[in-house]
Amino acid sequence: MMLSFFDQFMSPTFMGISLITLALTLPWVLYPTPTSRWLNNRVLTLQSWFVSRFTQQLLLPLNVGGHKWAVMLTSLMLFLLTMNLLGLLPYTFTPTTQLSLNMGFAIPLWLATVIIGMRNQPTVALGHLLPEGTPVPLIPVLIIIETISLFIRPLALGVRLTANLTAGHLLIQLISTAVLVLLPMMPTVAILTATVLFLLTLLEVAVAMIQAYVFVLLLSLYLQENV
């Protein structure tokens with residue numbers, strides 16, 4: 001039976017139970033728990049170094065008030081990064097290709113930044129809707145445009161992550177299918193296509209890491225505007 005290329009994005013089930021919960025839980029199991037010992041093993045040392053460096057880089061544009069979000073943003077980065085990379089393995093499922101999941105991350109976090117801005121500095125938060133020095137006839141139009149762009153932000157966050165990962169997975173499946181079809185007929189062309197597939201896989205590894213970082217970086221920039 002021929003299956004659609006989009007069937008790979010369906011949540012797998014076992015005995016009628018959706019396995020997306022297992023896919024969401026697995027990333028937390030892969031990381032070792034830090035200890036209070038003076039000496040740690042190499043894995044814990046490397047993990048601590050990476051987390052500290054990433055947190056330092058992430059907090060550069062934020063003022064002191066935004067540092068309270070450090071744990072949440074760093075954990076979200078590691079979570080998205082691990083799920084994106086695990087989804088590139090054969091016979092796996094990538095939860096971040098589901099728009100519902102990405103919007104579930106984007107909307108509450110974006111809404112939290114807006115609420116913080118309205119609570120702490122409502123004048124400045126509302127001032128973003130109207131640039132200084134705007135001509136009087138353009139004020140209603142600019143307010144509407146800036147309001148629409150504000151509400152589009154979470155949609156852009158979720159769609160960007162979903163579209164990039166979905167497109168990459170589709171390209172990998174299409175090219176791998178072409179390699180299997182061409183191998184018995186034109187081995188030379190199949191080898192060249194397999195080389196392209198290998199390079200595309202390396203590109204997708206980079207995309208998986210970059211998209212997780214971009215998601216968290218944009219959230220930090222939205223937070224900076226409201227703290």
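Residues numbered from 1 in each chain as written. Predicted model: local features only at pLDDT ≥ 70, side-chain atom pairs only at ≥ 80, totals over all residues. Heavy atoms only, no water.

1. Re the nonpolar core
Rules: Residues grouped as a nonpolar core are buried Ala, Val, Leu, Ile, Met, Phe, Trp, Tyr and Cys residues, joined through side-chain atoms within 4.5 Å. Think of it in three bands: with a 1.4 Å probe and only protein chains considered, a residue is buried below 20% of the maximum accessible area for its type, exposed above 50%, and partly exposed in between. Each helix is a run of DSSP H or I of at least 4 residues and each strand a run of E of at least 2, with the numbering of both proceeding from the N terminus. By definition in these notes, contact holds between two residues if any of their heavy atoms fall within 4.5 Å.
Counting residues in each nonpolar core, the largest one holds 28 residues, and the members touching the most others are Leu76, Leu80, Leu157, Phe215, Val216 and Leu219. The leading source of residues in this core is helix α3 (residues 70–86), at eight residues. Leaving out residues up to four positions away in the same chain, Phe215 has contacts with Leu76, Leu80, Asn102, Phe105, Ala106, Leu157 and Leu161.

2. Overview of the packing of helix α6 (residues 139–182) against helix α7 (residues 187–226)
Inclusion rule: Only the contacting stretch of a helix is used when fitting its axis, a line to C-alpha atoms as for every element, and angles between N-to-C directions run 0 to 180 degrees. Note on angle classes: values under 35 degrees are labelled roughly parallel, values over 145 roughly antiparallel, values of 65 to 115 roughly perpendicular, and the remainder oblique.
Two numbers describe how α6 lies on α7: the axes approach to 9 Å, and their chain directions differ by 170 degrees. Taken together, α6 and α7 sit at an angle that is classed as roughly antiparallel.

3. Overview of the pattern of salt bridges
As a reminder, the rule being used: Throughout this description, the term salt bridge denotes a Lys or Arg side-chain nitrogen within 4 Å of a carboxyl oxygen of Asp or Glu.
Counted under the stated rule, the structure contains one salt bridge. For Arg153, the salt bridge goes to Glu225, with nearest N and O atoms at 3.1 Å. One end of the pair, Arg153, is in helix α6; the other, Glu225, is in helix α7, and 72 residues separate them in sequence. The exposure class assigned to Glu225 is partly exposed, which follows from its relative accessible area of 30%.

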